[in-house]
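Letter by letter, the chains look like this.
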Amino acid sequence: MVDFKSIIRPNIYSLEPYRCARDDFKEGILLDANENTHGPALSQPSDSEKQLQLNRYPDPHQEELKQQIIDFRNSQPNEHSKQNLKVSNLCLGVGSDESIDMLLRCCCVPGKDKLLICPPTYGMYSICATVNDVEIVKVPLTTPDFQIDINAIVEKVTADPTIKLLYLTSPGNPTAQLINPDDIIKLLQETDEKNWNGLIVVDEAYIDFTAPKDNGHSQSMSTLVNQYANLVVLQTLSKSFGLAGIRLGITYCDEQLARILNAMKYPYNISSLTSDVAIRATSPKKGLQVMQNYVKSIIEQREFVLEKILQFEYVGRNIGGLDANFILVEILDKDKKPSNEVANKLYNTLAVDNAVVVRFRGKELNCTGALRVSIGTEEENKVMLQKFERVLNEINK
């Protein structure tokens, strides 16, 4: 049984949330928040800008947006879900990175507590841990399938009670591999049985690019947070919704933890502009169908790009999975061996001389010779493939 009082830092647990002006009154002659009542400093604001009342502070609670988000996720539950998500399960942030940092500040005492990660994984976990003076413990993903080593993780966390958080990326970055949801459930259950008092955080930035199970259920863990108090799930509108520019991240968790995270966050952290776009994007009529059509197209192009790129003479394996909007492929040298030197040269030559930018990931654990290639439009992919093959062949002459 999770004891949030012992997981969360005492000063955070007892924190009283900042009370915003808009918590009390939203209508009338509003002279309580020191806003500029003349309006935004725009010479000719558009009709939509006028409607947003940009001179006023935004809604601090965003309940309409939260309701649309949970309606969408509840409509595609994990097959193990027994309870629907509620608005009170959510905390919204400025991208997932704010949520990653906030959880560290919430649970880990600087210089004392630790974070466990499973490399290769998203680099911001380590950066946020370092900034917050939180030691990092590593249990690598298994190879070649990039799955979690349940026994090794359980052994680590039960032997060291100062490990307060475990961050998993599913689907992985840079691996593009979904972590088996049943394994995550097993890990949640085993760590709970061993009385580890910590949180397992599953970062699902790419979850919408993962094929549903044969029974039609989503692979997302988000609808399980009311069953497993030690589970936290992070999502974003940056990837499948194509809204990286609005910086909107979503944390799903137990209601008690959500109250604490919402008390911690800075007031008005979700702008009126971000909220307006996000509400339209998560609306069944205005946004969700568009998102799903884009995802379908990206998945089709992912299959096309992978099929073509694996035919190139100096491309080896698809190192990762097929659960994201990118692939991770192995670049070979003249002797047909994975090569960081060739991969890095290919990356630089494509970017500098050919205006095609991919990502070198060869220094990540068990990713020697790896390039990560995002899936573009059909035309972008054709150009990329043509230049990719030509430059790679020239390097290996």
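In this text the structure is predicted, and so the values were computed from the model without any measurement.

Quick notes on the rules
- Residues numbered from 1 in each chain as written.
- Predicted model: local features only at pLDDT ≥ 70, side-chain atom pairs only at ≥ 80, totals over all residues.
- Heavy atoms only, no water.
- Pairing = 2+ DSSP bridges.
- Helix = DSSP H or I, 4+ residues; strand = E, 2+ residues; numbered from the N terminus.
- Contact = heavy atoms within 4.5 Å.
- Axes fitted to C-alpha atoms, helices over the stretch in contact; angles between N-to-C directions.
- UniProt positions renumbered as here; feature names shortened; annotations may be inferred.
- Domains from an automatic or database assignment.
- Buried area = accessible area lost by both parts, 1.4 Å probe.

Asks: Would you explain the sheet that holds strand S9 (residues 326-331) in this entry?
Replies: Strand pairing in a sheet relies on backbone hydrogen bonds, with the paired strands running either antiparallel or parallel. Read from one edge of the open sheet, four strands run S8-S9-S11-S10, paired in antiparallel fashion. The open sheet has two edge strands, strand S8 (315-318) and strand S10 (359-360), and neither has a second partner. Pairing geometry for S9 and strand S11 (residues 370-374), over five bridges, is antiparallel. Counted as the bridge partner of Glu330 is Ala370 from S11. Packing against the sheet, helix H11 (residues 284-309) makes contact with S8 and S9, and its axis sits at approximately 5° to S9.

Asks: Would you explain the UniProt feature "domain: Aminotransferase class I/classII large" (unreviewed entry) in the chain in this entry?
Replies: Mapped onto this numbering, the UniProt entry gives "domain: Aminotransferase class I/classII large" (unreviewed entry) at residues 28-387. Overall, residues 28-387 shows 37% helix and 14% strand. The separation of its end C-alpha atoms is 61 Å.

Asks: Looking at this structure, how should I read the domain arrangement of the chain?
Replies: With domains assigned, the chain is organised as domain 1 (4-20 + 57-284) and domain 2 (289-396). Just the C-alpha atoms count here: the centres of domain 1 and domain 2 sit 29 Å apart. Contacts between domain 1 and domain 2 engage 24 residues on the former and 23 residues on the latter. Taken over both partners, the interface formed by domain 1 and domain 2 buries close to 1,800 Å², and the fraction arising from carbon and sulfur atoms is 62%.

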